[in-house]
Amino acid sequence: MSPETGEDQLNERAQQLLKRLVENYIRDGQPVGSRTLSRDVGLTLSAATIRNVMSDLEALGFVSSPHTSAGRIPTDKGYRFFVDTLLRYEPLDDARVVQIQAHLGEHIDNPKALVAAASRMLSSVTRMAGVVTLPRQSHASLSQIEFIPLSDNRVLAVMIVNGREVQNRILQLERRYSADELRRASNYLNQELAGRELSTIRDRLVSQLKETRETLNQLMLDAIMLAQQVVDAPVAGKMEYVMAGETNLMDFAELSSVEKLRRLFDAFTQQRDILNLLDHSLKADGVQIFIGHESGHTILDDCSIVTAPYTLDKEVVGVLGVIGPTRMAYERVIPIVDITAKLLGSALNQRS
């Protein structure tokens, strides 16, 4: 740890007091005074000594004093030191692991339902907000594509990916296509593109238009145009997530003001900030913990986010996590997120 942070200046006594202060604040949500710490079982320090240590901790930025109380609360820096150095995790008991496993197993045939179940489970177990991204398909190949005419020059494109995943796109076209035209177009595309990786289909379509446009008949041109709209649709490749238990956050005093909740729920609805964090976690190794301002998004300054990636065929395809106040029970939440990510990956792999 770098000298500039002051962390190297925390002797064993200061670390013990910081640990007790954080644990008390997480449990009660109230600033912790020296008198409370002096009554703490196992501490044989005078109130004066504790006050001096608390002053040192405040000077080093690990705790702060709210204006309305003589007690102190942890800062983001204090929480970070607590999580990285002082925390002892509470492993999940076998019964809880079996419960999560069984709940996920009920939805093993439907990836979207499985993700939603994982999100609800995280929320239910932690009493905070659970979030899980839909699994990305890094090796997705087109098995079949069909087009169904809708009203107002719209067409529903139905793709079967990897032989089992169904994806839908609604296309807005410049003219009306008959059911027969769409059937012939899908037949042509299934013959030309079936079995190819989705990531390469766009390049193949562009190449076909450039190299052989003069030899393509109208059927081929229409089919390629339809296929291009499918692969260029906004939902293609976009990371999506399922969130559950947002209203649980109303139970925490530090998040319960109407204005704070409104801005927080707006962030959940717009998704951009949350997706940015989840994308960062997708590229990381193991459990990631963002405490307060560490998220880089002001709206999340009073929150902590604990995330972990999950895998399919030994490749990371998504990430899940819990969003709550910085005053969360990290010793419980971190193992829950970790084991749920492993169990979700295991459930997905059973489908393969």
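Residues numbered from 1 in each chain as written. Predicted model: local features only at pLDDT ≥ 70, side-chain atom pairs only at ≥ 80, totals over all residues. Heavy atoms only, no water.

Trainee: Can you explain the confidence of the model for the protein chain? Please cite residues and give values.
Mentor: Residues at a pLDDT of 70 or more form 89% of the protein chain, whose mean pLDDT is 85. Overall, residues 1-5 carries pLDDT values under 50, and its contacts beyond four positions in sequence, including any with other chains, amount to nine contacts. (pLDDT = per-residue confidence, 0-100. Contact = heavy atoms within 4.5 Å.)

Trainee: Give me the lowdown on unusual backbone geometry, citing residues and values where you can.
Mentor: In this model, aspartate 152 sits at a positive phi of 55°, which is unusual for a non-glycine residue. For lysine 314, which is not a glycine, the phi torsion comes out positive at approximately 65°. Looking at the secondary structure, you find lysine 314 in the loop between strand E9 (303-312) and strand E10 (315-325). (Helix = DSSP H or I, 4+ residues; strand = E, 2+ residues; numbered from the N terminus.)

Trainee: Can you explain the packing of aromatic side chains? Please cite residues and give values.
Mentor: Geometry of an aromatic ring pair is reported as the spacing of the ring centres plus the angle between the planes. Inspection of the entire model under this criterion finds three aromatic pairs. Taking the ring centre of phenylalanine 62 as reference, the NZ or CZ of lysine 77 above it sits at 4.7 Å. Note that arginine 175 overlies the ring of tyrosine 177, its terminal NZ or CZ placed 3.8 Å from the centroid. (Phe/Tyr/Trp six-rings, centres within 6.5 Å; stacked < 30°, edge-to-face > 60°. Lys NZ or Arg CZ within 6 Å of the ring centre and 35° of its normal.)

Trainee: Help me get a handle on the sheet that holds E10, residues and values and all.
Mentor: Across the sheet, which stays open at both edges, the five strands sit in the order E7-E3-E10-E9-E8 with antiparallel pairing between neighbours. With partners counted over all chains shown, the strands left at the sheet margins are strand E7 (241-244) and strand E8 (288-291), one partner each. The mean inter-strand angle of the sheet, taken between neighbouring strand axes irrespective of direction, is 15°. Where E8 and E9 come together, four bridges link them in antiparallel fashion. Within the sheet, the bridge partner assigned to isoleucine 289 lies in E9 and is valine 306. (Pairing = 2+ DSSP bridges. Axes fitted to C-alpha atoms, helices over the stretch in contact; angles between N-to-C directions.)

Trainee: Residues and numbers for a nonpolar patch on the surface, please.
Mentor: Together, Ile148, Leu150 and Ile170 line one region of the surface with nonpolar side chains, adding up to about 260 Å² of accessible area. Along the chain, the position of isoleucine 148 falls in strand E4 (residues 142-149). Relative accessible area serves as the criterion here: at 40%, isoleucine 148 is assigned to the partly exposed category. (Patch = residues over 30% accessible without salt bridge, like charges linked within 9 Å, V, L, I, M, F, W, Y side chains within 5 Å. Areas by Shrake-Rupley, 256 points an atom, 1.4 Å probe, with all protein chains shown as cover. Salt bridge = Lys/Arg side-chain N within 4 Å of Asp/Glu carboxyl O. Buried < 20%, exposed > 50% of the residue type's maximum accessible area, 1.4 Å probe, protein only.)

Trainee: Report on the pattern of salt bridges, specifying residues and quantitative values.
Mentor: Following the criterion strictly, the structure yields 16 salt bridges and no others. The closest approach of N and O atoms between glutamate 254 and arginine 327, which form a salt bridge, is 3.0 Å. Residue glutamate 254 is located in the loop between E7 and helix H10 (258-270), and its partner arginine 327 is located in the loop between E10 and helix H12 (330-351); the two are separated by 73 residues in the primary sequence. Assessed through its relative accessible area of 12%, arginine 327 is described here as buried. Arginine 262 is paired through a salt bridge with aspartate 266; the nearest N and O atoms lie 3.0 Å apart. Within this pair, arginine 262 and its partner aspartate 266 are both found in helix H10, separated by four residues, close to a single helical turn.

Trainee: Residues and numbers for H10, please.
Mentor: With 13 residues, H10 should cover 18 Å at 1.5 Å per step; its first-to-last C-alpha distance of 18 Å lies within 8% of that length. Considered for burial, the residues of H10 that qualify are Leu261, Leu264, Ala267 and Phe268. Angularly, the buried residues of H10 cover 125° about the axis, an arc narrow enough to put them on a single face. Looking at H10, the residues exposed on the side facing more than 90 degrees away from the buried face are Val258, Thr269 and Gln270. The secondary structure elements touched by the buried residues of H10 are E7, helix H11 (272-282), E9 and E10. Positive backbone phi, approximately 70°, marks glutamine 271, located one or two places after H10. (Expected span 1.5 Å × (residues − 1). Arc of directions from axis to C-beta.)

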